[in-house]
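Below are the chains, spelled out letter by letter.
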Amino acid sequence: MTVRLAPTSAGGRQTSDVAIEPTPEVAGRGSIDVSGVGYRYPGAAAERQVIDDLSFSVRPGEFVCVVGPSGCGKTTLLKLLSGLVPAESGGIHVDGVPVQGPPSNLGFVFQDHARALLPWRNAVRNVEFGLEAAGVARKDRRELARQALRRVQLPDVENLYPAQMSGGMQQRLQIARALAATPSILLMDEPFAALDALTRFALEDALLEVWRELGLTVVFVTHDLDEAVYLADRVVVLRRGPARVVRELQVELDRPRDQGRTRAEPEFVALRYELFETIRAL
Amino acid sequence: MNMAGIVAGLRPYVLGLAGIAVLTAGWAVVAAAELLDGVPPPLEVFSALGEQLTGAELWRATGHTVAVTASATAIATVIGVLVGAAIGMSAMMDRLLGSTINTLRFVPPVALIPVVLLIMGFGSGSEIVVGTFAALWPVLLNVAAASREIKSRFEDMTRIQRLGPVRKLFSVYVPGTVAATITGVRVAAALALILVVAIEMLAVPAGLGHQVRFAGNALQLPTMYAYIVWTGCVGLLLNSVLQATERYLRRP
Ligand SMILES: Nc1ncnc2c1ncn2[C@@H]1O[C@H](COP(=O)(O)OP(=O)(O)OP(=O)(O)O)[C@@H](O)[C@H]1O
Ligand SMILES: [Mg+2]
């Protein structure tokens, strides 16, 4: 695959089309509020409380990264935010409304693309799948799907099946499907964890570009501290057993960020160091 | 196309025929040396087969056996898909039906033959019932396993996409289980054929099984073997058709 570092913003804008831009009433939305949430998997013993009294909130349009030790409950947190599992205690509100099931303005990018992409559909039909479910008219689907594929820089693979694509391409495809439905919130569960560094850099930049253009709210789980600092407006650190927020780090690095320059900035290095020490102390 | 291309194209068939050639050669040796009683030489069997192939009886018997086998397989497929999908998609249905299915599927279908004959008589109906019983399990178990797999793999995704039950069924479960279903049907058709021929040999006076037994009773051994060979050919053809369908459905 071609790996493009730092997509040119001018070029990226020109290829995009108005139809996929967020509609005005959606643009301002996408707030998340989590207060005092607790969760334990059904049937688990009382001491296996995965999340306890966890609170944080995300402003509309904010890019928040969540980091924490492995197994601390990051995936579980995303499942709670998306309404895939119900909170046991406390409250989760998306745009001020209590979450009862997956909200329609929410997209989810799974850690494992095999659990998201349909192997019997080619790329463009996989993107269309999301639009079918959202009730988009047949005649508009193909064009919207193509736009979404262009947006993640995946333009020439329409007819390839997931099995014929690399891991990075499949993650892009998954992101394209989530974007095609014009969500205002995007939850991402270690989406780039299985990729090589160069591909990851390219996808991080593509994601930031899309985020900026569409004004999305993003909650991005990662175990890569550099990635968290590079992407985020704010990094939320969870501790383990049961998960709770121990620290929130504001990241005020200039945007648009650049893989080379931003990572070399003293502020980046300092934040990364602070994050590392915070997690080590857990 | 050049010669090498033709040779390469025929290679799988040549290899497939090699096994049959070796078997036939072994059979010819056994018959020539008169090692076993009642084994006519292959040439006699093949000329008897040629004779039968030009007559009407073989084709009538073949038509009967194939029709009954196809009916049994079709009924088994419908029941197997419905019940298999139900227990694969719903944990409640699995608990409800699981132990019943696991008991029934260990009942040898041959053991059913006398019972079915008593209840339904010596006609095609009995053949279809026994054939269906044998053919049911491969379809049912394959469909159940495939839908269970699809459910656990795509449950979160389908919920995030807010799929309704109908769309979920037709855009996820059906395409996701169709290949495994055909594999089940292929195994099922083979079992149905075996059971249909068996019940014809034992009791029902029609079809290929009946011809085998009839020729045997009349001590026309070459004809009897000709029918056995022919039954094998019918099975091979049936399997090839279903295998091609399966390959087509499993692309890309
Ligand atoms: N379906 C489940 N049933 C019971 N317990 C579970 C289930 N899924 C996860 N857990 C438990 O919940 C805890 C948190 O799991 P989770 O997957 O949210 O962690 P994570 O932070 O995403 O880990 P990782 O970084 O390795 O992906 C773990 O201790 C795990 O054992
Ligand atoms: Mg996880």
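Everything numeric in this text was worked out from a predicted model, so none of it was measured.

Q: Got a minute to help me understand the sheet that holds strand 2 (residues 51-58) of chain A in this structure?
A: Paired through backbone hydrogen bonds, the strands of a sheet run either parallel or antiparallel to each other. All names here are of chain A. In spatial order, the strands read 2-1-4-5; together these 4 strands make up an open sheet with antiparallel pairing. With partners counted over all chains shown, the strands left at the sheet margins are strand 2 and strand 5 (97-98), one partner each. Strand direction decides the pairing type here: strand 1 (residues 32-39) and strand 2, joined by 5 bridges, are antiparallel. Paired with Asp33 across the bridge in strand 2 is Ser57. On the sheet, helix 3 (residues 74-81) packs against strand 1, strand 2 and strand 4 (89-94) and is oriented at approximately 65 degrees with respect to strand 2.

Q: Just to check I follow, could you spell out the interface of chain B and chain A for this structure?
A: Interfaces are often sized by the accessible area lost when the parts come together. Each side of the interface is counted separately: chain B has 17 residues, and chain A has 24 residues. For the pair chain B and chain A, the summed buried surface comes to about 1,900 Å²; carbon and sulfur atoms form 61% of the total. Summed over the shared surface of chain B and chain A, the number is 2 salt bridges. With a closest N to O distance of 3.9 Å, Glu132 of chain A and Arg167 of chain B form a salt bridge. Listed by contribution, the elements that provide at least two residues to the side of chain B that touches chain A are helix 6 (124-160) and helix 7 (165-202) of chain B.

Q: Please explain helix 10 (residues 266-280) of chain A as it appears in this structure.
A: One turn of the α-helix equals 3.6 residues, which is why residues spaced by three or four share an orientation. Residues and elements named next belong to chain A. An ideal rise of 1.5 Å per residue puts 21 Å on 15 residues; helix 10 measures up with 21 Å between its terminal C-alpha atoms. Among all positions of helix 10, only Phe268, Leu271, Leu275 and Thr278 are buried. Projected onto a plane normal to the axis of helix 10, the buried residues spread over an arc of 95 degrees and lie on a single side. Away from the buried face of helix 10 by more than 90 degrees, exposed residues Pro266, Tyr273 and Arg280 are located. Those residues of helix 10 that are buried are in contact with strand 3 (63-67), helix 8 (225-231), strand 9 (234-239), strand 10 (244-250) and helix 9 (259-264).

Q: What's the story with the domain arrangement of chain A in this structure? I'm lost.
A: All names here are of chain A. Per the domain assignment, the segments of chain A are domain 1 (30-105 + 185-282) and domain 2 (119-182). Computed from C-alpha atoms alone, the centre-to-centre distance between domain 1 and domain 2 is 25 Å. For the pair domain 1 and domain 2, the two sides together bury roughly 940 Å², of which 72% comes from carbon and sulfur. Across the contact surface, domain 1 and domain 2 share 1 salt bridge. One salt bridge connects Arg151 with Glu213, and the closest N-O pair in it is separated by 2.7 Å.

Q: Any chance you could explain the side chain of Gln161 of chain B here in plain terms?
A: Within the secondary structure layout, Gln161 of chain B lies in the loop between helix 6 and helix 7. For Gln161 of chain B, the residues in contact, after removing those within four places along its chain, are Phe129, Gly130, Ala133 and Arg177 of chain A.

Q: Whenever I open this one, the packing of aromatic side chains confuses me. Can you help?
A: Where two aromatic rings form a pair, the distance of their centres and the angle of their planes describe that pair. Following the criterion strictly, the structure yields 10 aromatic pairs over all chains and no others. Ring geometry for Phe192 of chain A versus Phe220 of chain A: centroids 5.7 Å apart, planes at 55 degrees, classification tilted. Of this pair, Phe192 of chain A sits in the loop between strand 7 (185-189) and helix 7 (197-214) while Phe220 of chain A sits in strand 8 (residues 217-221), and the two are 28 residues apart along the sequence. Take Phe220 of chain A: its relative accessible area is 0%, and that puts it in the buried class. Ring centres of Trp59 of chain B and Trp230 of chain B lie 5.5 Å apart, and the angle between their planes is 80 degrees; on these two criteria the pair is classed as edge-to-face. Here Trp59 of chain B, found in helix 3 (residues 57-89), pairs with Trp230 of chain B, found in helix 9 (residues 221-250); they are 171 residues apart in sequence, far enough to count as distant. Under the relative-accessibility criterion, Trp59 of chain B is labelled partly exposed at 44%. Assessed through its relative accessible area of 14%, Trp230 of chain B is described here as buried. Three or more aromatic residues joined by ring pairs form one cluster here, namely Phe63, Phe192, Trp211 and Phe220 of chain A.

Conventions adopted
- Residues numbered from 1 in each chain as written.
- Chains lettered and ligands numbered in written order.
- Predicted model: local features only at pLDDT ≥ 70, side-chain atom pairs only at ≥ 80, totals over all residues.
- Heavy atoms only, no water.
- Pairing = 2+ DSSP bridges.
- Helix = DSSP H or I, 4+ residues; strand = E, 2+ residues; numbered from the N terminus.
- Contact = heavy atoms within 4.5 Å.
- Axes fitted to C-alpha atoms, helices over the stretch in contact; angles between N-to-C directions.
- Buried area = accessible area lost by both parts, 1.4 Å probe.
- Salt bridge = Lys/Arg side-chain N within 4 Å of Asp/Glu carboxyl O.
- Expected span 1.5 Å × (residues − 1).
- Buried < 20%, exposed > 50% of the residue type's maximum accessible area, 1.4 Å probe, protein only.
- Arc of directions from axis to C-beta.
- Domains from an automatic or database assignment.
- Phe/Tyr/Trp six-rings, centres within 6.5 Å; stacked < 30°, edge-to-face > 60°.

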